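Overview (structure and organization)
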Amino acid sequence: METSSERNARHKKAMQRKKEHVDQRIAAATVDKGLLVVLTGNGKGKSSSAFGMLARSVGHGLRCGVVQFIKGQWECGEHLLFSEHPLVEFHVMNTGFTWETQDREADISAAVATWAHAETLLKNPDVKVVLLDELTYMLTYGYLDADRVIKALGDRPADQHVIITGRNANQRLIELADTVSDVTDVKHAFNAGVRVQKGIDY
Ligand code: ATP
Ligand code: MG
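Everything quoted here is computed from the prediction, not taken from an experiment. (Residues numbered from 1 in each chain as written. Chains lettered and ligands numbered in written order. Predicted model: local features only at pLDDT ≥ 70, side-chain atom pairs only at ≥ 80, totals over all residues. Heavy atoms only, no water.)

Considerations on the site of ligand 1
Lining the immediate surroundings of ligand 1 are 14 residues, of which K44, K46, S47, S48 and D201 lie closest. Within the contact set of ligand 1, an oxygen atom lies 2.4 Å away from a side-chain nitrogen or oxygen of K44. Contact distances for ligand 1 include 2.7 Å between an oxygen atom and a backbone N or O atom of K46. For ligand 1, the protein covers 82% of the area, taking 570 Å² as the surface of the free molecule. Of the residues contributing to the shell around ligand 1, the split by class is two nonpolar, six polar and six charged. (Near = heavy atom within 4 Å. Polar contact = N/O pair within 3.5 Å; in protein donor to acceptor, adjacent residues only side chain to side chain. Areas by Shrake-Rupley, 256 points an atom, 1.4 Å probe, with all protein chains shown as cover. Nonpolar A, V, L, I, M, F, W, Y, C, P; charged D, E, K, R; others polar.)

Here is the structure:
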C-alpha cells in the first residue's frame, strides 16, 4: 500500500507537471483584444454572469454601456445599481415580454429604436464594455436584421468588449464570438413552484 509520504510526493510531482503546463499556456496567451462573449442556453446564469462582468469592469473604472432588449416585470437589482452610475449608460427597451405585448409591429419598432442605442455604443471608442442583454431574441424573432447586427459588432473599436445574452444564440453570432458559454438547465426552483426571488432572480 502507498504510504502517506509516497502519496504526498506523487501529488507534488503531479502538481509540478500541471503548473508547468498552465504556465506554458499563460505564457503563450499574449494577445489583447476586445472580446465578443456570448452567454446562451436554457439554464439560469446568463444575465447575472454578464452583469458580473459589468461589475468587474466598473470596478476597474471602465466606461460601460448596457442595452436590455426585454423589459421584465420586476425592477431588477442590476438596473437599480448601475443605471445611475456615472460610468454606465443604461438603456431598457420600453416594452414588456413579447408574449405580453402580442403586437409584432410595436415590438419591431421598439427593437429597432433600442438597437440604435446599441449602435451608438458600438461606435464609441471611449466605451470599453457593451452589454447587450437578451439580444438573441431580437434575431430569433426577426425583429432586427442579422446583417446589420453582425456588421455593427464587426466594425466596433478593436479594444471594445461586447457581452451578448439570451437563449438560442444565432449561429452567426456564435461564429463571430471569441467566447461562448452554453448554460445548461440542470434544475430550476421555478419548476418546483418557487416564485422569483429578489437578488437571485431579479
Ligand atoms: P439570470 O438573469 O438569473 O442570470 P438568465 O439570464 O440566464 O437568468 P433568462 O432566460 O434571461 O435567464 O431569464 C431570467 C429569469 O428567468 C430569471 O428570473 C431566472 O431565474 C429565470 N430563469 C432562468 N432560467 C430558467 C429556467 N431554466 N427555468 C425557469 N426560470 C428560469
Ligand atoms: Mg437573462
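Describing the UniProt feature "domain: Cob(I)alamin adenosyltransferase N-terminal" (unreviewed entry) in the chain
The sites that UniProt annotates as "domain: Cob(I)alamin adenosyltransferase N-terminal" (unreviewed entry) are residues 1-26. Across residues 1-26, the secondary structure splits into 88% helix and 0% strand, with the terminal C-alpha atoms separated by 37 Å. (UniProt positions renumbered as here; feature names shortened; annotations may be inferred. Helix = DSSP H or I, 4+ residues; strand = E, 2+ residues; numbered from the N terminus.)

Observations concerning the coordination of the magnesium ion (ligand 2)
Bound to the magnesium ion (ligand 2) are the protein donor atoms S47 (OG) and E134 (OE), situated 2.1 Å from the metal. One end of the pair, S47, is in helix 2 (residues 46-59); the other, E134, is in the loop between strand 4 (129-133) and helix 6 (136-140), and 87 residues separate them in sequence. Across the pair, E134 and S47 agree in class, each one buried. (Donors = N, O, S within 2.8 Å, 3.2 Å for Na, K, Ca; no water. Buried < 20%, exposed > 50% of the residue type's maximum accessible area, 1.4 Å probe, protein only.)

Here's the deal with the sheet that holds strand 3 (residues 88-92)
The six strands lie next to each other as 3-2-4-5-1-6, forming an open sheet whose pairing is parallel. Two strands in the sheet have a free side with no partner beyond their single neighbour: strand 3 and strand 6 (179-182). Going across the sheet, the axis of each strand differs from the next one's by a mean of 10°, ignoring polarity. Note: strand 2 (residues 64-68) against strand 3, five bridges, orientation parallel. Directly across from G65, in strand 3, lies its bridge partner E89. (Pairing = 2+ DSSP bridges. Axes fitted to C-alpha atoms, helices over the stretch in contact; angles between N-to-C directions.)

Observations regarding unusual backbone geometry
For E134, which is not glycine, the phi dihedral falls at a positive 65°. Backbone geometry at N168 places phi at a positive 50°, although glycine is not the residue there. Along the chain, the position of N168 falls in the loop between strand 5 (161-165) and helix 8 (171-176).

A word on the side chain of K46
Tracing the backbone shows K46 in helix 2. Buried K46, no salt bridge; nearest opposite-charge side chain is E134, N-O distance 6.5 Å. Among the polar contacts made by the side chain of K46, one reaches the main-chain carbonyl oxygen of G41 at a distance of 3.1 Å. Here G43 takes part through its backbone oxygen, which lies 2.7 Å from a polar atom of the side chain of K46. Not counting residues within four places of it along the chain, the set of residues in contact with K46 comprises L39, T40, G41, T165, G166, R167 and V183. (Lys, Arg positive; Asp, Glu negative; His and termini not counted. Salt bridge = Lys/Arg side-chain N within 4 Å of Asp/Glu carboxyl O. Contact = heavy atoms within 4.5 Å.)

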